[in-house]
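# Inside the fold
Read off the chains here:
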Amino acid sequence: MVSALCDVCKIRPASIYQPHTGRKLCRECFIKDIRSRIINEINKWKMIDPGDNILLGLSGGKDSYVLLEVLSEIYKPSRLFAVSIVEGIPRYNREEDINRMKIFAKDRGVDVIVTSIREYVGHSLYEIVERALKRGVGVSPCTYCGILRRRILNFYARIYGASKVATAHNLDDEAQTAVVNILRGDYVGLLRLHPLAPPASKKLVRRIKPLRKIYEWETTTYTYIKGFGFQETECMFISMMPTLRARVREALYELEWKKPGSLLRIIETLDMLLENEAKRLTTGILKNCRICGEPTSPKRKLCKLCELLREAGILEAVYQVPHLRVRSFYSEEEI
Ligand SMILES: [Zn+2]
Ligand SMILES: [Zn+2]
């Protein structure tokens, strides 16, 4: 039988069991635990330097709310701004979900720019996937979506002068990506996941992932305790996730269930093993794509995005965002 009191404060009744620590926590101590683990992770890898202007990539899901809340509490909200990308997937990113997030962010002093995949390349994700399927291209919608989202966030970070891009990837996401990279033998990809890895090119703004040690069930519990409403609609393309990733995801869930703390140990071990090697990675070795001018590996003529869009039969990608209002982050005395 579960004892009634929280293992940390020993005052309030426990209501959450945390399998990886074996502790029973009250709601208050649970929130404190998540918050302090996020702050520790930020400090451990010096993710934020004084004076950083940080772009937050927000999807509107539970992880986004946790990222936005914690960062706006521990850092100057005036130096944070958020970009939310409407992918263009039927029944997903409803207007009410986006408006709810905008209000949540505004209440914390953070502006949200809402943009879309269509605004950047002239086509919605659904249209891109439809065209690719018609042409028999065996590329998962998640691959298009992931590359486009990364590109758009980096684009906004550059034009608005952000020094960091913070994303809300959680521990489950990070462990899955790490294991997929290992299974593919992609050593450089694995190294680039390390929090100390520098960006591969000067055109790429450094990415930080403050939630990388927080389990997905923990961000879900956090948002429920805090009563944040968030987008719960599942993406219609979820069943078309790349096969390897789907298998890894399933296997890791099972492993974590049988041996709690497994995901955390995978990431902690990789952090230690790869630290020195990751620091030695260099910036600026990439070439520019012949179509869009964005960085691509020295062996390629086109970047992955241009290549994928061409395969889908999209030759007229726009790559620009109309009506850009370039905002300065610096107050008068700094200029
Ligand atoms: Zn407690
Ligand atoms: Zn390109």
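Residues numbered from 1 in each chain as written. Chains lettered and ligands numbered in written order. Predicted model: local features only at pLDDT ≥ 70, side-chain atom pairs only at ≥ 80, totals over all residues.

On to the pairing of strand β3 (residues 54-57), then. A two-sided burial pattern is seen for β3, the buried positions comprising Ile54 and Leu56 on one face and Leu55 and Gly57 on the other. When β3 meets strand β4 (residues 80-86), the two strands line up parallel, connected through four bridges. Paired with Leu55 across the two strands is Phe81, which belongs to β4. A crossover links β3 with its parallel partner β4, the connecting element being helix α2 (residues 62-74), and its sense is right-handed. In this sheet, strand β6 (residues 164-167) lies alongside β3 in parallel orientation, the contact comprising four bridges. The residue of β6 that forms the bridge with Leu55 is Val165. (Buried ≥ 20, exposed ≤ 12 C-beta atoms within 10 Å, placed from the backbone. Helix = DSSP H or I, 4+ residues; strand = E, 2+ residues; numbered from the N terminus. Pairing = 2+ DSSP bridges. Right-handed = clockwise from strand over helix to strand, strands pointing away.)

Let us look at unusual backbone geometry. Residue Lys10 is not a glycine yet carries a positive backbone phi of 55°. Within the secondary structure layout, Lys10 lies in the segment before β1 (16-18). Residue class for Lys10 comes out exposed when judged on the 10 C-beta atoms lying within 10 Å of it. Although it is not a glycine, Lys46 sits at a positive phi angle of roughly 45°. Mapped onto the secondary structure, Lys46 falls in the loop between α1 (27-44) and β3.

Moving on, we come to helix α7 (residues 171-184). In this model, α7 (14 residues) spans 20 Å end to end at C-alpha, consistent with the 20 Å of a helix rising 1.5 Å per residue. For α7, the complete set of buried residues consists of Leu171, Asp172, Glu174, Ala175, Gln176, Ala178 and Val179. On its buried face, α7 is in contact with α8 (187-192), α9 (216-226), α10 (243-258) and α11 (262-279). With its phi angle positive at about 75°, Gly185 sits one or two positions after the end of α7. (Expected span 1.5 Å × (residues − 1). Contact = placed C-beta atoms within 7 Å.)

The subject of this paragraph is the pairing of β4. β4 sits mainly inside the fold: seven of its seven residues count as buried. Of the two faces of β4, the one holding Leu80, Ala82, Ser84 and Val86 and the one holding Phe81, Val83 and Ile85 are both buried throughout. Here β4 runs beside strand β5 (residues 111-116); their pairing, made up of six bridges, is parallel. Across the sheet, residue Ala82 finds its bridge partner in β5, namely Val112.

In this structure, Leu55, Leu56, Leu67, Leu68 and Ala82 are the most contacted members of the largest nonpolar core, which totals 72 residues. Each of domain 1 (1-44) and domain 2 (45-321) accounts for three or more of the residues forming this core. With sequence-adjacent residues up to four places away left out, Leu67 is seen in contact with Leu56, Ala166, Ala168, Pro210 and Leu211. (Core = buried A, V, L, I, M, F, W, Y, C linked by C-beta atoms within 7 Å. Domains from an automatic or database assignment.)

Our focus in this paragraph is the sheet that holds strand β7 (residues 206-208). Pairing within the open sheet is parallel, and its five strands lie in the order β5-β4-β3-β6-β7. Bordering the open sheet on either side are β5 and β7, each of which pairs with just one other strand. When the angles between neighbouring strand axes are averaged without regard to direction, this sheet yields 30°. In the sheet, β6 pairs with β7 via three bridges, with the strands oriented parallel. (Axes fitted to C-alpha atoms, helices over the stretch in contact; angles between N-to-C directions.)

None of the figures reported here should be taken as evidence of function without further support.
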